[in-house]
Amino acid sequence: YTILKIGGRAGVPTTPKNTHSWTKITPGAATIMKDFNSEIGIKQIQIEVNNEAQNVKITVTKEAGKPAAVSVAKTGKVYQYLQINAENLADKLNKAIVQFRVEKSWASGNSLDKDEVSVYKFDESSSKWNKLTTTYVSEDSTYYYYDAELNSFSYFVIAEGATTVPQETGAGTAEKGSSLIWLWILIALVIVISVWWMMKKGNIKKSNKIKS
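On a predicted model such as this, the values are computed, not experimentally measured, just so you know.

Reading the values: the criteria
- Residues numbered from 1 in each chain as written.
- Predicted model: local features only at pLDDT ≥ 70, side-chain atom pairs only at ≥ 80, totals over all residues.
- Heavy atoms only, no water.
- Pairing = 2+ DSSP bridges.
- Helix = DSSP H or I, 4+ residues; strand = E, 2+ residues; numbered from the N terminus.
- Axes fitted to C-alpha atoms, helices over the stretch in contact; angles between N-to-C directions.
- Buried < 20%, exposed > 50% of the residue type's maximum accessible area, 1.4 Å probe, protein only.
- Contact = heavy atoms within 4.5 Å.

Peer 1: What exactly am I supposed to notice about the sheet that holds strand β9 (residues 128-131) here?
Peer 2: Strands pair in a sheet through their backbones, by hydrogen bonds, and they do so in one of two ways: parallel or antiparallel. Within the open sheet, the 6 strands sit side by side as β2-β5-β6-β12-β8-β9. Their pairing is antiparallel. The open sheet is flanked by β2 (17-25) and β9, the only strands paired with a single partner. If you compare each strand with its neighbour and ignore which way they point, the axes differ by 25 degrees on average. Relative to strand β12 (residues 155-160), strand β6 (residues 78-87) runs antiparallel, the two being bridged by 5 bridges. What sits directly across from Gln 80, in β12, is Ile 158.

Peer 1: Which parts of the structure should I look at to understand unusual backbone geometry?
Peer 2: Both trends apply: most residues other than glycine have a negative phi, and most peptide bonds are in trans. The residue Ser 111 is not glycine, and still its phi comes out positive at about 55 degrees. Position of Ser 111 relative to the elements: it lies in the loop between α1 (104-109) and β8 (117-123).

Peer 1: Explain the environment of Ala 69 here, please?
Peer 2: Here Ala 69 shows up in the loop between β5 (53-63) and β6. Along the chain, Ala 69 and Tyr 155 lie 86 residues apart, while their C-alpha atoms are 9.0 Å from each other.

Peer 1: Looking at this structure, I do not really get the environment of Val 157. What am I missing?
Peer 2: Mapping Val 157 onto the fold places it in strand β12. Val 157 gets classed as buried once you look at its relative accessible area, which sits at 0%. Between the C-alpha atom of Val 157 and that of Lys 121, which follows or precedes it by 36 residues, the distance is 6.6 Å. For Val 157, the contacting residues outside a window of four places in its chain are Lys 74, Val 78, Gln 80, Tyr 81, Ser 118, Val 119, Tyr 120 and Trp 129.

Here's what the structure looks like:
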């Protein structure tokens, strides 16, 4: 991974914002943008390109409320509106994994569990907030952290919504599959024994009738 940190600037901007530029980003290695302003609800952005991109610039801005460029406000409990703007990257972006963060105090203050927070992306063509696949990944004493995979940047909002539950893989899935196989074998065995016992019982009755 190529990790590029964002240095601070003199003075405190009215709107929390982080910007970073890359002379060149090449395929085959993830480029990570991190060390965001503490007020911005993002921990890091991991970028992968499918073709070499030059003079790339990404700016992340925390919006005080619904952005003026967005026609529809997100309904429900909203944690934060954000804009992620990328220059010279759109047609070369393979994917970006954005790790969002939400203060635990906000979640508890709004009666939300960690699995009741999601990220939404604004679709300008339909003027709708589309829910992204948002996966809970970790937490510390202050924040919950969530991953969302993107193929383009726009306006985003962190708000209430059911978080995606990661699917079990590997050993857990294998153990479940094995358990189901043995369950079906047990059921089949019970059926076979039941049929055998009924047939045996029927033969005994026939034998008794013949004797009598």
